[in-house]
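Listed below are the residues making up each chain.
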Amino acid sequence: MSIFGVDIASGSPGSRRAPSYSLVILEGDSLVPHHMISRHKLIRMIRERQPEIVAVDNVHELAESHRDLINLLRRLPPSTRLVQVTGGERPESLVRLARWNGITFDRTKPLEEAEASARLAARGVGAVVSAFEDRTLIKVSRRRSLGRGGWSQNRYTRKIHGAVMSLAREVERQLREAGLEYSLRTVEGLGGFTRAEFLVEAPRDKVHINPGYSVDAQLKVQSIERPALQYKPLLHRRGYIIVGLDPGTTTGIAALNLRGELVDLISSRAISSSDVIEWIAARGRPLIVATDVTPTPGAVEKVKRAFNAILFSPGTDMAGEEKIALGKELGYRNDHERDALAAALAAFKRYKNKFMQVEKKAPAEVDPDEIKALVVRGYSIENAIAEFTQASLPEGRPATAAPAATPVAGAAATDPDAAGLRLQIQQLTEQVRTLRSYVDELRSQMAKKDADLQKANQRLDRAKDKTLREIKRDHEIRIREKEIERLRSILRAERKYTKRLKRTVAARKRAERIEAVKGLRRLKPVAAFSREAVLAAAERYALAEGDLVLLEDASGGGKSTAEIFREKGVAAIVAEGEMAPAMQEHFLDLDLPVFTSREVAVQRIDGLPFIRPEELEAAREKWGVQQKARQARREAERLESLFQDYKAERMKEEKRKKRMEQREKMGKREGYD
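Residues numbered from 1 in each chain as written. Predicted model: local features only at pLDDT ≥ 70, side-chain atom pairs only at ≥ 80, totals over all residues. Heavy atoms only, no water.

Bringing the nonpolar core into the picture now. The nonpolar side chains of soluble globular proteins are, as a tendency, buried together. Grouped together as the largest cluster of nonpolar side chains are 28 residues, with contacts concentrated most on Val6, Leu23, Leu42, Leu62, Leu69, Leu73 and Leu82. Only strand S1 (2–10), strand S2 (20–27), helix H1 (39–49), strand S4 (53–56), helix H2 (66–75), strand S6 (127–142) and strand S10 (217–233) provide two or more residues apiece to this core. Excluding its chain neighbours within four sequence positions, the residues that come into contact with valine 6 are Tyr21, Ser22, Leu23, Leu42, Val54, Ala55, Val56, Leu62 and Ala114. Core analysis: the second largest hydrophobic core is formed by 25 residues, Leu341, Ala343, Tyr351 and Ala373 among them. (Core = buried A, V, L, I, M, F, W, Y, C linked by side-chain atoms within 4.5 Å. Buried < 20%, exposed > 50% of the residue type's maximum accessible area, 1.4 Å probe, protein only. Helix = DSSP H or I, 4+ residues; strand = E, 2+ residues; numbered from the N terminus. Contact = heavy atoms within 4.5 Å.)

As summarised here, the arrangement of the three strands in space is S16-S22-S21, forming an open sheet in which the pairing is antiparallel. Sheet topology places strand S16 (521–522) and strand S21 (603–605) at the edges, where each strand pairs with a single neighbour. Across three bridges, the pairing between S21 and strand S22 (residues 608–611) is antiparallel. By the bridge assignment, arginine 604 is partnered in S22 with proline 609. (Pairing = 2+ DSSP bridges.)

With that settled, consider the packing of aromatic side chains. This structure, assessed with the given rule, holds six aromatic pairs. Ring centres 6.1 Å apart and planes at 20 degrees place the aromatic pair tyrosine 351 and phenylalanine 355 in the stacked group. In this pair, tyrosine 351 and phenylalanine 355 are both assigned in helix H9 (residues 335–361), four residues apart and thus about one turn of the helix distant. As far as the burial class goes, tyrosine 351 and phenylalanine 355 line up, both buried. Three or more aromatic residues link up through ring pairs in this structure, and these residues are Phe348, Tyr351 and Phe355. A cation over a ring is seen here: arginine 285 above tyrosine 240, with NZ or CZ 4.1 Å from the ring centre. (Phe/Tyr/Trp six-rings, centres within 6.5 Å; stacked < 30°, edge-to-face > 60°. Lys NZ or Arg CZ within 6 Å of the ring centre and 35° of its normal.)

Bringing the pattern of salt bridges into the picture now. Under the criterion given, the structure shown has 37 salt bridges. Taking the shortest distance from any N to any O, the salt bridge between glutamate 27 and arginine 49 comes out at 3.0 Å. On the criterion of sequence distance, the pair formed by glutamate 27 in strand S2 and arginine 49 in helix H1 is long-range, its members being 22 residues apart. Arginine 486 serves as the salt-bridge partner of glutamate 483, at 2.5 Å between the closest nitrogen and oxygen. Of this pair, glutamate 483 and arginine 486 both sit in helix H12 (residues 416–518), three residues apart, which is roughly one turn of that helix. Taking relative accessible area as the criterion, glutamate 483 reaches 35% and is therefore assigned partly exposed. It is possible to trace a salt-bridge network through shared partners that takes in Asp292, Lys323, Asp335, Arg338 and Asp339. (Salt bridge = Lys/Arg side-chain N within 4 Å of Asp/Glu carboxyl O.)

For aspartate 553, the location among the structural elements is in the loop between strand S18 (548–551) and helix H14 (559–568). It is 6.4 Å that separates the C-alpha atoms of aspartate 553 and alanine 527, two residues lying 26 residues apart in sequence. Discounting chain neighbours no more than four positions away, the residues touching aspartate 553 are Val526, Ala527, Ala528, Phe529 and Glu576. At a separation of 2.8 Å, a polar atom in the side chain of aspartate 553 contacts the side chain of serine 555. (Polar contact = N/O pair within 3.5 Å; in protein donor to acceptor, adjacent residues only side chain to side chain.)

Right, let's talk about the side chain of threonine 86 for a bit. Within the secondary structure, threonine 86 is located in the loop between strand S5 (81–84) and helix H3 (94–100). The buried category is assigned to threonine 86, whose relative accessible area is 7%. A polar atom in the side chain of threonine 86 sits 2.9 Å from the backbone oxygen of aspartate 57. Look past the residues within four positions of threonine 86 in its chain and what remains in contact with it is Asp57, Pro91, Glu92, Leu94 and Leu97.

Interhelical geometry of helix H6 (residues 273–281) versus helix H7 (residues 298–307) gives an angle of 50 degrees and a closest axis separation of 11 Å. By the angle class used here, H6 and H7 are oblique. Remark: the crossing between H6 and H7 carries right-handed chirality. On H7, the residues touching Ser273, Val276, Ile277, Ile280 and Ala281 of H6 are Lys302, Val303, Ala306 and Phe307. Taken together, the residues of the contact of H6 with H7 sort by class into seven nonpolar, one polar and one charged. (Axes fitted to C-alpha atoms, helices over the stretch in contact; angles between N-to-C directions. Parallel < 35°, antiparallel > 145°, perpendicular 65-115°, else oblique. Left-handed = near helix turned anticlockwise from the far one by under 90°. Nonpolar A, V, L, I, M, F, W, Y, C, P; charged D, E, K, R; others polar.)

This part covers the pairing of S18. Of the two faces of S18, the one lined by Leu548 and Leu550 and the one lined by Val549 and Leu551 are each fully buried. Of the strand pairs in this sheet, strand S17 (residues 524–526) and S18 are connected by three bridges, and their pairing is parallel. The partner of valine 526 across the bridge, within S18, is leucine 551. Between the parallel elements S17 and S18, the chain passes through helix H13 (residues 531–541) in a crossover that is right-handed. As defined by bridge partners, S18 adjoins strand S19 (residues 572–575) across four bridges and the pair is classed as parallel. Paired with leucine 551 across the strands is alanine 575, a residue of S19. Once you follow S18 into H14 and on to S19, the crossover reads as right-handed. (Right-handed = clockwise from strand over helix to strand, strands pointing away.)

Here's what the structure looks like:
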């Protein structure tokens, strides 16, 4: 464990001269001194090394004012505690505390005083300075201003607010994973959050979220400040306490130290006797166990016997007004805590004057609380002091006769040593008897808990079976939800297709009405001369045998695209724009008429193209004449080609015959010779 002992060496926080400090770092048995270091360097060393305790004899040596001290505590690491070794609201002298713990030092040397503070803190002496509640505030906000605005102001605002919302969601996820309780308050903006605040029900050192920022958002984490400083004992050293107990369905327990300061206060439903004893033992050594009613309840008697404490009973039931008056100063949350606190305060009030006398008469080298314990058990103040001072007298020096001790439990006044031994034997015997009964009680409770554990295991098995069934059911539900989603997507596609068909049917009916009323012929439009456009139009308008097509863009295309029109049985095509000559020839080869919009005028009614039947017939007759002329021309060209081929063959045959005749003549001549 690393402990920093600090003492001011020169100057002060409130003066013009900057203060310098002496620092002693205590780690086990090793000491590392640092002399005359600045406040800035001291804080930097604390943040770098993160000691468990920073011990001082007065916290105001580190800060000029209350606000300055709060700011200093915010700068300390979450795991570091600031301890004032001289105590809380009523500090003791550092010299006296050192004597009680066997530590000597020179008050004129700051390094030795810093070492004494560190060693006292290591022994659990002192009070932790608490300036913050066990709650943490996390703020997520914008890091950049929205500016004066412009064309992209809304997009810029959505970007920043979206970053704030994204960072807030990440913080919420980390808090849920850590299992911390929190409440969230958000302010919505355009596209996200302008800010978000988390109030976490945990101290800062339990919230493992570090402050930081991104381009557009920033994160701040800080503890919530208390209205006033609190001083909590280190509790490493268990001192004497006065316990007030209010048993019942809801049990109230209060613990005070022997100076009347509140150590802890609690109320809980259905808390067992063993839990009450454990709670009290964790907070100190009970000297007095007090109740506010008469006769004393059995639960209070049991706690008193467990600790061999002194019982305090008011003699008569305390009035409600008296309880309120006693507990008003320290505060309480409910009636059970009020009754327990009133009982403890009434017991302290009974012994308050005695305690004050002990404070005045106690030697500096003796802990006053030890003397107070003997006084409560029946010793006079002088005899109690003598119990601690006689053992420290030098050898050979006779001790002065001490006054007789006050009789305890009806016993006659005897020698203090013998009376003390008898009292100790009686207390130990009673404690053994109490512990044996307590062991028997624990055994019975253990048997009961074993039975409860068996029942709990049975309930757990049933819960596991139920959980497995729920998991299986959830799995089936997920499968069905996926199937439902798949069917919904199919249904959405089918609905879109149905809407498309309805629009097509409506357009067809409208076109049929126009054809019937005005005597026009409808054209089915094709957006472009491409395979995709032709197939899309065929699906949308249901191209069939004898349909007329309007080709809105005749450029491009190919023979395979033209073949689609032939396969669908299109009767004629009206083309807008220029069509390639090669494609015109191919349509003529397919015997599929193609007219230009100049040859056949296209009329659009309600967005649908129409032509006049008479113009179509005239264009068809003209195309027919052209087609016959083309066929005749092509037939003539074919015959001419055949004639030329025949003529060429005849010429080849004549040349062959001449060559044969010449060969025969040459052969005859050779024979004559």
